[in-house]
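Spelled out, the chains give:
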Amino acid sequence: SGSNSKHLYWKVTNPTLSPSHLQENSLSGLPPYDAERFIFVVQGAVTLTNVSGISHKLTVDSYAYLPPNVEHSLKCDGSATLVVFERRHASLENQPTEQIVGSTDQQPLLETPGEVFQLRKLIPTSIPYDFNIHIMDFQPGEYLNVKEVHYNQHGLLLLEGQGIYRLGDSWYPVQAGDAIWMAPFVPQWYAALGKSRSRYLLYKDVNRNPL
Ligand code: UGY
Ligand code: MN
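Definitions and limits used
- Residues numbered from 1 in each chain as written.
- Chains lettered and ligands numbered in written order.
- Predicted model: local features only at pLDDT ≥ 70, side-chain atom pairs only at ≥ 80, totals over all residues.
- Heavy atoms only, no water.
- pLDDT = per-residue confidence, 0-100.
- Donors = N, O, S within 2.8 Å, 3.2 Å for Na, K, Ca; no water.
- Tetrahedral: all angles 85-135°; square planar, octahedral: opposite > 155°, others 65-115°.
- Buried < 20%, exposed > 50% of the residue type's maximum accessible area, 1.4 Å probe, protein only.
- Salt bridge = Lys/Arg side-chain N within 4 Å of Asp/Glu carboxyl O.
- Helix = DSSP H or I, 4+ residues; strand = E, 2+ residues; numbered from the N terminus.

Chemist: How should I be thinking about the confidence of the model for the protein chain in this particular structure?
Modeler: In low-pLDDT segments, the atomic positions of the prediction should not be examined closely. Per-residue confidence for the protein chain gives a mean pLDDT of 92, with 92% of residues at or over 70. Confidence estimates for the predicted assembly give a pTM of 0.90 and an ipTM of 0.99.

Right, dumping it as structure tokens:
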């Protein structure tokens, strides 16, 4: 077998649903035209450099939002694992979005009326932004009080802990590393189990008419 073929059991260490790993000295390409990009560092570190030559080193728990058609590079010195969301930006006239760099622990806790989980949002909630990323924390035994049904879609990555996700009439045991896609109007509910905190990262389309 040639050097390009994958070794036996390769899939076990490179499962379909796991984020891919940036190898040493990797350099990212750019997203497609008009696509905005959000990255979140799960492991390792990357350096984000934009056209003005300004660099940010992003370590675990840091993130960046890049508006569409903004040239930038993401360079990896050691290895890194990133969560990447890209979508065609639904832009509004004269309301551009801006580059954002931050880290979860710098974001304030937000009110969650009727709920017990802790909530942080990583992107501004203002109208120019057409999606947000929520970080939600549950202590063991805590759960969503509302069984939600809404037009918004979700992409979810469980960062810590374990629990049960209910989607419609199906119940899924989930643990850190598991990913979920929730279509519009799928009834959804989570309960945290185990002995440690559950934390998940949640993509949610907002601020645009879904029709
Ligand atoms: O904001 C949300 O829609 C969030 N609470 N949904 C979820 O956790 N499944
Ligand atoms: Mn929801």
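Okay, back to it.
Chemist: Honestly, the coordination of the manganese ion (ligand 2) in this entry has me stumped. Any pointers?
Modeler: In an ideal tetrahedron of four donors about a metal, each angle is 109.5 degrees. In an ideal octahedron of six donors, the angles are 90 or 180 degrees. Coordination of the manganese ion (ligand 2) by the protein comes from Glu148 (OE), His150 (NE2), His154 (NE2) and Gln188 (OE1), over a distance range of 2.1 to 2.2 Å. What the 6 donor atoms of the manganese ion (ligand 2) show is an angle range of 76 to 175 degrees at the metal, which sorts the shape as octahedral. A relative accessible area of 1% places Gln188 in the buried class.

Chemist: So what exactly am I meant to see when it comes to the pattern of salt bridges here?
Modeler: Should their charged atoms come close, side chains of opposite charge can pair. Applying the stated criterion across every chain yields a total of 9 salt bridges. The partner of Glu86 in a salt bridge is Arg37, with the nearest N and O atoms 2.8 Å apart. Placement of the pair is Glu86 in strand 5 (residues 72–88) and Arg37 in strand 2 (residues 35–50), with a sequence separation of 49 residues. Of the residues examined, Glu86 reaches a relative accessible area of 39% and is grouped as partly exposed. One network of salt bridges, in which partners are shared, links Arg120, Asp137, Glu160, Arg197 and Arg199.

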